[in-house]
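# Per-entry structural report
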Amino acid sequence: MKYSMFIGRWQPWHDGHRWLIDQRLTLGKKVLICVREVSEDDSNPYNPIEVKKNIENELCDLIALGKVKVIIIPDIESINYGRGVGYDIIEHKPPKKISKISATKIREKLIKGKNEG
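Please read all numbers here as calculations on a predicted model, not as lab measurements. (Residues numbered from 1 in each chain as written. Predicted model: local features only at pLDDT ≥ 70, side-chain atom pairs only at ≥ 80, totals over all residues. Heavy atoms only, no water.)

## Some words on the overall build of the chain
Along the chain, the regular secondary structure elements total 5 helices and 3 strands. The N-to-C order of helical and strand elements in the chain reads β-α-β-α-α-β-α-α. Along the first, second and third principal axes, the C-alpha atoms of the chain reach 50 × 30 × 30 Å. Long-range pairs, those at least 24 residues apart, make up 74% of the contacts in the chain with a sequence separation of at least 6. (Helix = DSSP H or I, 4+ residues; strand = E, 2+ residues; numbered from the N terminus. Contact = heavy atoms within 4.5 Å.)

This is how it looks when you write it as structure tokens:
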């Protein structure tokens, strides 16, 4: 069974991420979400296990239907491919409303909320 693969930090999962995977799901494709195993810092406040659990909680219905899988992969420096390898490389260009979503701003709001609470 083939999957459309998405690689990211997903820090945190947001509507822009959902829009992205929906581009393939709406075509009847299965989706593999790969969580990069990055070190925790200001840009990556969640460890890969937490990220995976957050995504699985958000997409539990799709996972139960076998439409989505979530795995953790080692951090990467590049994506490389050879000629005629049997898969496509597809760029999805989101509409302005989606492209304005900023995980950095979401993280800042989360931190501010924790400090005020």
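After that view of the structure, there is still more to cover.
## Thoughts on the pairing of strand E2 (residues 31-37)
Most of E2 sits inside the fold, with 5 of its 7 residues counted as buried. Assessed by its sense of winding, the connection that carries the chain from strand E1 (residues 4-8) through helix H1 (residues 15-25) to E2 is right-handed. Across 7 bridges, E2 lies against strand E3 (residues 68-74) in parallel orientation. The partner of Val 31 across the bridge, within E3, is Val 68. (Buried < 20%, exposed > 50% of the residue type's maximum accessible area, 1.4 Å probe, protein only. Right-handed = clockwise from strand over helix to strand, strands pointing away. Pairing = 2+ DSSP bridges.)

## Focus on the sheet that holds E1
With parallel pairing, 3 strands are arranged side by side in an open sheet as E1-E2-E3. Edge positions in the open sheet fall to E1 and E3, since each of these has one partner strand only. Taken pair by pair, the neighbouring strands of this sheet meet at an average axis angle of 25°, ignoring direction. (Axes fitted to C-alpha atoms, helices over the stretch in contact; angles between N-to-C directions.)

## Observations regarding a nonpolar patch on the surface
A grouping of Tyr 81, Val 85, Tyr 87 and Ile 89 is seen on the molecular surface, where their side chains present a nonpolar patch of about 450 Å² in accessible area. On the secondary structure map, Ile 89 appears in the loop between E3 and helix H4 (96-99). Ile 89 sits in the exposed class, given a relative accessible area of 57%. (Patch = residues over 30% accessible without salt bridge, like charges linked within 9 Å, V, L, I, M, F, W, Y side chains within 5 Å. Areas by Shrake-Rupley, 256 points an atom, 1.4 Å probe, with all protein chains shown as cover. Salt bridge = Lys/Arg side-chain N within 4 Å of Asp/Glu carboxyl O.)

## What to know about the packing of aromatic side chains
Taken as a whole and assessed by the stated rule, the structure comprises 1 aromatic pair. Considering the side-chain rings of Trp 10 and Trp 13, the 5.5 Å spacing of their centres and the 45° angle between planes classify their relative orientation as tilted. Taken individually, Trp 10 and Trp 13 each receive the classification buried, so the pair is uniform in this respect. (Phe/Tyr/Trp six-rings, centres within 6.5 Å; stacked < 30°, edge-to-face > 60°.)

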